[in-house]
Amino acid sequence: QDEETSNTSESPESVSLADASAEKATQGSDTDLEVEDPEKAFVGITGTELYLEACRLMEVVPVSHFIQNLAKPYINLNHHGLGPKGVKAIAIALVSNATVTHLELEDNCILAEGAICIAEMLRENSSLQELNISNNHLDTAGAEAIASLLLDNMSCLHTLQLSGGLWLQLAGRSHCLCTFVSLQGNYQVKELDLSHNEFYEKGGQLLGQMLASNSTLEILDLSWNHLRRQGTVALGTGLRSNSALKILNLSWNGVGNEGALALGEALKVNNVLVHLDISNNQINNKGAKKLCRGLEVNGKLKILKMANNPLTTEGATALVTSVRKNPKSVMEEINISNVLVNETFIKLLDLVCQTHPELDVIYGEVEGCIAKIPKQHPNPMKVIQNYLKEHNLQLWDFFRNIDKDGNMKIPVAAFQRAMMQQSSIPLDRVQIGELVRKLDRNRTGVVDY
């Protein structure tokens, strides 16, 4: 055994996943040459044994948390300092694993070498569905390995997080990004996080081409990528013909008013997107009005996040008016939480909520209310309880009348609509909003009574 150990430990970096598995299959046997079927040698070898042997070959210390959770569907190894060799040992142990479905490997400095090992493992593994390898300095070679895996549709991944991990320099028009965004042929990945990767405008143009033809991706996070005007215009063009994307995060990209115009034009024809985040993007009142051209006709968007843009009451009024003008609007939330509004805006919002009772606009303070004594609203839950007591009803009966499906969970929009449209309990828009925040503290979008 000492002789075997010295032979196999000469160059641990060169040991492939298959080599390591074969080493484990033959380790400790006095009759290695008599094994006719190599696959039979794997019978009885547990994932833990395979991992420990891989750690020995890689000359790394085994991670006890990985061993303890190897038989569970979720393993979190974020910030464990694994390095490329540590990740390679984990990849070897997961090649034939049929239990783990969600693996977290963020911030482990796995580099390109570790990413290549992960990609090789995913080509064989048939159970892993969610993977987080963000902030790992993958470099071009590592990103290309992951991209090639996705383009070949060789994994079962449907959720992939690559935030801050690609570090691509687009000054020379990186071949890696060109390859990576050619996801139009991938039919597996539904959720992709590419935030904090500094794609710049050129990256936005390539990503726009991908969106134009991809028919699977449903959630895409492109925040903090310096996409700016040209990148956002290209994304808007891609959104016009996209038929799958439901949630898009473009916050912190400096899209400006021209980007808002492109997104507004896309919303005129896109009938899939339900959630758009363009917070912190230097969009002023002029840009908001351009975006409203799409909001006035779009019948699919439900959530629009525009916080921390330089808007005033004028821009806020334009956004609410666009919902009022659109009979097809299904808007449930507009977040302009930094905007100082006035009482004229509040009156308009009350009027719009009569025809769109599910609408919730999150704004800042109301102009002049600091100097005035704020209007006191009775506790909405107390109002409901008093009504039930007067009519000899139970709280259960109250919720059950709203919950038509009987599953004890009511979507927030449906709950707001029911509360606004009922006339027996005197609650205004502000009280209903307060009630929703109490009943859905974690902002899940569902009132679970």
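All values reported here derive from a predicted model rather than from experimental measurement. Each chain carries its own residue numbering, running from 1 in the direction its sequence is written. Confidence filtering applies because this is a predicted model: local features only for residues at pLDDT of at least 70, side-chain atom pairs given and counted only at 80 or more, and all residues used for totals across whole chains, interfaces and linings. Excluding hydrogens and water, the side-chain figures rest on all heavy atoms present in the structure.

Ranked by size, the top nonpolar core spans 100 residues in total, and within it Phe66 and Leu304 carry the most contacts. Helix and strand definitions here come from DSSP, where helices need a minimum of 4 consecutive H or I residues and strands a minimum of 2 consecutive E residues; each element is numbered from the N-terminal end. In terms of residue count, the dominant contributor to this core is helix H5 (residues 83-94) (seven residues). Throughout, a contact is declared for two residues whenever any of their heavy atoms are within 4.5 Å. Those residues in contact with phenylalanine 66 that sit more than four places away from it in its chain are Tyr51, Ile75, Leu77, Ile90, Ala93 and Leu94. Working definition of a nonpolar core: buried Ala, Val, Leu, Ile, Met, Phe, Trp, Tyr and Cys residues. They are joined through side-chain atoms within 4.5 Å. Think of it in three bands: residues with accessible area under 20% of the maximum for their type are buried, residues over 50% are exposed, and the middle band is partly exposed, with areas taken using a 1.4 Å probe on protein chains only. Tyr387, Leu388, Phe415 and Val447 belong to the second largest nonpolar core, which has 18 residues in total.

Turning next to the packing of helix H6 (residues 111-124) against helix H7 (residues 139-151). Close contact between H6 and H7 brings their axes to 7 Å; oriented N to C, the two are set at 10°. The angle between the axes of H6 and H7 places the two elements in the roughly parallel class. Contacts from Ala112, Ala115, Ile116, Ala119, Leu122 and Arg123 of H6 reach H7 at Asp139, Ala141, Gly142, Ala145, Ile146, Ser148 and Leu149. As a working rule, the residues Ala, Val, Leu, Ile, Met, Phe, Trp, Tyr, Cys and Pro are called nonpolar, Asp, Glu, Lys and Arg charged, and the rest polar, with Gly in that last group. Classifying every residue of the contact of H6 with H7 by side-chain character gives nine nonpolar, two polar and two charged. Axis definition: a line fitted to C-alpha atoms, limited for helices to the stretch in contact. Angles are taken between N-to-C directions and run from 0 to 180 degrees. With respect to orientation, any angle under 35 degrees is reported as roughly parallel, any angle over 145 as roughly antiparallel, any angle of 65 to 115 as roughly perpendicular, and every other angle as oblique.

The subject of this paragraph is the pattern of salt bridges. Any carboxyl oxygen of Asp or Glu that lies within 4 Å of a side-chain nitrogen of Lys or Arg is treated as forming a salt bridge with it. Considering all chains together, one arrives at 11 salt bridges under this definition. Lysine 289 is paired through a salt bridge with glutamate 314; the nearest N and O atoms lie 2.4 Å apart. Taken together, the residues lysine 289 in helix H12 (residues 285-295) and glutamate 314 in helix H13 (residues 313-325) connect sequence positions 25 residues apart. Given the relative accessible area of 39%, lysine 289 is considered partly exposed. Among the ionic pairs, glutamate 358 bridges to arginine 417, the shortest N-O distance being 3.5 Å. Placement of glutamate 358 in the loop between helix H14 (343-355) and strand E11 (360-363) and of arginine 417 in helix H17 (residues 412-421) is noted, with a sequence separation of 59 residues between them. Overall, glutamate 358 belongs to the buried group, its relative accessible area being 8%.

Mapped onto this numbering, the UniProt entry gives "domain: EF-hand" (unreviewed entry) at residues 390-425. Within residues 390-425, the helical portion is 53% and the strand portion 8%, while the C-alpha atoms at the span's ends are 11 Å from each other. UniProt positions are given in the numbering used here, feature names are shortened, and annotations may be inferred rather than shown by experiment.

Here we take up the packing of aromatic side chains. How two aromatic rings sit relative to each other is given by the distance of their centres and the angle of their planes. To pair, rings of Phe, Tyr and Trp, with the six-membered ring standing in for Trp, must have centres within 6.5 Å; the planes then decide the type, stacked if under 30 degrees apart, edge-to-face if over 60, and tilted in the middle. Taken as a whole, this structure holds four aromatic pairs when the rule is applied. Here tryptophan 224 and tryptophan 252 contribute two aromatic rings whose centre-to-centre distance is 4.4 Å and whose plane-to-plane angle is 15°, an arrangement assigned as stacked. One end of the pair, tryptophan 224, is in the loop between strand E6 (219-221) and helix H10 (228-241); the other, tryptophan 252, is in the loop between strand E7 (247-249) and helix H11 (256-269), and 28 residues separate them in sequence. Look at phenylalanine 399 and phenylalanine 415: their rings are 6.3 Å apart centre to centre, the planes differ by 20°, and that puts the pair in the stacked class. Taken together, the positions of phenylalanine 399 in helix H16 (residues 395-402) and phenylalanine 415 in helix H17 put the pair 16 residues apart, joining distant regions of the chain.

With that out of the way, let us pick up the pairing of E11. We treat two strands as partners when DSSP finds at least two bridges between them. Note: strand E10 (residues 333-336) against E11, four bridges, orientation parallel. In the sheet register, asparagine 335 faces E11, and the bridge partner there is isoleucine 362. By the criterion used throughout, a crossover qualifies as right-handed when its path from the first strand across the helix to the second strand runs clockwise, the strands pointing away from the viewer. A crossover links E10 with its parallel partner E11, the connecting element being H14, and its sense is right-handed.

So, about the sheet that holds strand E4 (residues 159-161). The sheet built from 11 strands is open, its strands ordered E1-E2-E3-E4-E5-E6-E7-E8-E9-E10-E11 with parallel pairing. Edge positions in the sheet fall to strand E1 (74-76) and E11, since each of these pairs with one other strand and no more. Pairs of neighbouring strands in the sheet enclose a mean axial angle of 0°, with direction left out of account. As defined by bridge partners, E7 adjoins strand E8 (residues 275-277) across three bridges and the pair is classed as parallel. Paired with asparagine 249 across the strands is aspartate 277, a residue of E8.

Here we come to the environment of proline 73. Positionally, proline 73 belongs in the loop between helix H4 (64-68) and E1. Using a relative accessible area of 47% as the deciding quantity, one classes proline 73 as partly exposed. When neighbours within four sequence positions are excluded, proline 73 is seen to be in contact with Thr99, Val100, Thr101 and His102.

Burial along E10 is two-sided: the residues Glu333 and Asn335 and Ile334 and Ile336 are all buried. Summarising the sheet, strand E9 (residues 303-305) and E10 pair through three bridges and their orientation is parallel. Bridge pairing in E10 links lysine 305 to asparagine 335. With respect to chirality, the unit in which E9 leads through H13 into the neighbouring parallel E10 is right-handed.

Further remarks concern H5. Since the α-helix turns once every 3.6 residues, residues separated by three or four places project in the same direction. Expected span of a helix, by definition, is 1.5 Å for each gap between consecutive residues, and there is one gap fewer than residues. Helix length check: H5, at 12 residues, gives a terminal C-alpha distance of 17 Å against a target of 16 Å (1.5 Å per residue), a fit within 8%. Of all 12 residues in H5, 11 are buried, a share of seventy percent or more.

A word on the packing of helix H3 (residues 47-58) against H5. Any two packed helices are characterised by how steeply their axes cross, that is the angle between the axes, and by the distance between the axes. Where H3 meets H5, the closest approach of the two axes is 8 Å, and the angle between their N-to-C directions is 150°. In this view, H3 runs roughly antiparallel relative to H5, as classed from their interaxial angle. Like other packed secondary-structure pairs, H3 and H5 cross with a definite hand, here right-handed. Residues Gly47, Leu50, Tyr51, Ala54, Cys55 and Met58 of H3 touch H5, and the partners they reach there are Lys85, Lys88, Ala89, Ile90, Ile92 and Ala93. For any pair of crossing helices, the crossing counts as left-handed if the nearer helix is rotated counterclockwise from the farther one by less than a right angle, and right-handed if it is rotated clockwise.

The next subject is unusual backbone geometry. In this structure, cysteine 109 takes a positive phi of about 50° despite not being glycine. Within the element layout of this structure, cysteine 109 appears in the loop between strand E2 (102-104) and H6. Unlike most non-glycine residues, leucine 111 shows phi in positive territory, near 60°. Following the sequence through the fold, leucine 111 ends up in helix H6. The exposure class of leucine 111 is partly exposed, given its relative accessible area of 34%.

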